[in-house]
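Okay, here's what each chain looks like letter by letter:
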Amino acid sequence: MEKPIRWGLLGTGGICQALAEALAHVPDARLVAVGSRGPERAAAFAARNAAAHPGVRPHASYQALVEDPEVDVVYIGTPHTDHAGSALMALQAGKAVLCEKPFTLNRAQAEAVVSLAQERRCFLMEAMWTRFVPAVAEAKRLVDGGAIGEPLSLRADFGFAATDLPAEHRALNPALGGGSLLDVGIYPLSLASFLLGPIDDAQAVARLGPTGVDVHAAFTLRHRGGGLSQGLSSLRGRTPWTAQVLGSAGWIELHPPFFHAEGLTLVREGAPAVEQRLPHTGNGYAHQVLEVHRCLRQGLPESPVMPLAESLALMGWLDRMRAQIGLRYPGE
């Protein structure tokens, strides 16, 4: 086996725990460090994961984590408002970076992060894990291969009921980049861009909640190739978590939940429906880790599956939609 690639987790929340669990499913990955804003949480995280990842070093600051000479890749799993600052810190330290979605709070921040990565020649990727699970990768292959003819439209939804969350929770707090568009709307938005290509226009409507962030939003997209997409995001109701892509000769349905689907159904004119079961490894996050490893071992500065130009474009469209619904974050 090749020399292991060593990971450090910047953050100790649920998404970092999910990534720690995923790393255990990647043979050439090693979780070697975790960083928090204080010693207690970092130590507790390391202890909780000691069985799967013995010897994880807890760091009492993010700066200490990115300066750890044993860390090759930093995974950023903090709230949206912290993504840009943490990514810049890690890149300044010369680390490869996998940054949780949404990439940053807005396009201006994303441009600064990408610029530094290119200047320092460090690998950088948005952690849009959905693109790398086998079922979504197969849907992409089928669409690009003409299995449903000309791609015409996509429809996807992602919503959950956050009615019992306190106002200061990251999903509802404007100071933490809250709102359904950035939290879960990024999934249908990114899927539409992935399967139907670059976006040329976006229109959004939304219901704003008591904290001023969008709690229910719908958007339509026009793609450069002529396709049209619809997305729904919600913090007020659990949606079916479905996604369908329609073409001139049939359609593909990703089995729910589409964002980590384990199968799909292909329907073509005049032929029986074909179901494919395509399970993912573990909780599904391992596939994006494998992509990071592939790129690093091949000397690629970014992933061709989740390229930086597309991350920048999607942040720009999120900016545009937030402007349409009247949502600005503090400091913007």
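Residues numbered from 1 in each chain as written. Predicted model: local features only at pLDDT ≥ 70, side-chain atom pairs only at ≥ 80, totals over all residues. Heavy atoms only, no water.

### So, the overall build of the protein
Argument step 1. When helices and strands are tallied, the protein shows 9 helices and 14 strands.
Argument step 2. Taking 2.2 N^0.38 as the reference for a compact globule, 332 residues should give roughly 20 Å; the C-alpha atoms of the protein span a radius of gyration of 20 Å, in line with that estimate.
Argument step 3. Reported as C-alpha extents along the three principal axes, the dimensions of the protein are approximately 60 × 50 × 40 Å.
Argument step 4. Put simply, 68% of the contacts in the protein that link residues at least 6 apart link residues at least 24 apart.
Argument step 5. Put simply, the protein has 29 plus and 32 minus side-chain charges, and the middle of one group is 1 Å from the middle of the other. (Helix = DSSP H or I, 4+ residues; strand = E, 2+ residues; numbered from the N terminus. Rg over C-alpha atoms; globule rule 2.2 N^0.38 Å. Contact = heavy atoms within 4.5 Å. Lys, Arg positive; Asp, Glu negative; His and termini not counted. Charge placed at Lys NZ, Arg CZ, Asp CG, Glu CD.)

### Details of the packing of aromatic side chains
Argument step 1. This model, assessed by the stated rule, comprises 7 aromatic pairs.
Argument step 2. With centroids separated by 5.2 Å and ring planes inclined at 70 degrees, the aromatic side chains of tryptophan 241 and phenylalanine 259 adopt a geometry described as edge-to-face. Taken together, the residues tryptophan 241 in the loop between β10 (228-234) and β11 (243-247) and phenylalanine 259 in the loop between β12 (250-254) and β13 (263-268) connect sequence positions 18 residues apart.
Argument step 3. Here phenylalanine 258 and phenylalanine 259 contribute two aromatic rings whose centre-to-centre distance is 5.6 Å and whose plane-to-plane angle is 80 degrees, an arrangement assigned as edge-to-face.
Argument step 4. For phenylalanine 259, a relative accessible area of 7% translates into the label buried. (Phe/Tyr/Trp six-rings, centres within 6.5 Å; stacked < 30°, edge-to-face > 60°. Buried < 20%, exposed > 50% of the residue type's maximum accessible area, 1.4 Å probe, protein only.)

### Re the sheet that holds strand β2 (residues 29-35)
Argument step 1. The strand order across the open sheet formed by 6 strands is β3-β2-β1-β4-β5-β6, and the pairing between neighbours is parallel. The open sheet has two free edges, formed respectively by β3 (57-59) and β6 (124-127), since each of these has just one partner strand. Direction aside, neighbouring strands of the sheet carry axes that sit 25 degrees apart on average.
Argument step 2. Here 4 bridges tie strand β4 (residues 73-76) to strand β5 (residues 96-100), and the two strands are oriented parallel to one another. Bridging across to β5, valine 73 finds its partner in alanine 96. (Pairing = 2+ DSSP bridges. Axes fitted to C-alpha atoms, helices over the stretch in contact; angles between N-to-C directions.)

### Description of the sheet that holds β10
Argument step 1. Overall, mixed pairing links the 8 strands, which are arranged β8-β9-β10-β7-β11-β12-β13-β14 in an open sheet. Only two strands of the sheet have a single partner each, and these edge strands are β8 (199-208) and β14 (274-277). Neighbour to neighbour, the strand axes of the sheet diverge by 10 degrees on average, direction disregarded.
Argument step 2. Sheet analysis places β13 next to β14, joined by 4 bridges and oriented antiparallel.

### Here we look at the pairing of strand β7 (residues 151-159)
Argument step 1. One ladder, built from 5 bridges, connects β7 with β11; its direction is antiparallel. Note that in β11 the partner of alanine 156 across the bridge is alanine 243.
Argument step 2. Pairing of β7 with β10 involves 7 bridges; the strand directions are parallel. Within β10, the residue paired with glycine 159 across the bridge is serine 234.

### What to know about unusual backbone geometry
Argument step 1. For the bond from lysine 101 to proline 102, the omega torsion is -15 degrees, close enough to zero to count as cis.
Argument step 2. Among the structural elements, proline 102 can be located in the loop between β5 and α5 (107-120).
Argument step 3. Cis geometry marks the peptide bond from proline 256 to proline 257; its omega dihedral reads -5 degrees.
Argument step 4. Mapped onto the fold, proline 257 is located in the loop between β12 and β13.
Argument step 5. The backbone phi angle of tryptophan 241 is positive, close to 60 degrees, even though this residue is not glycine.

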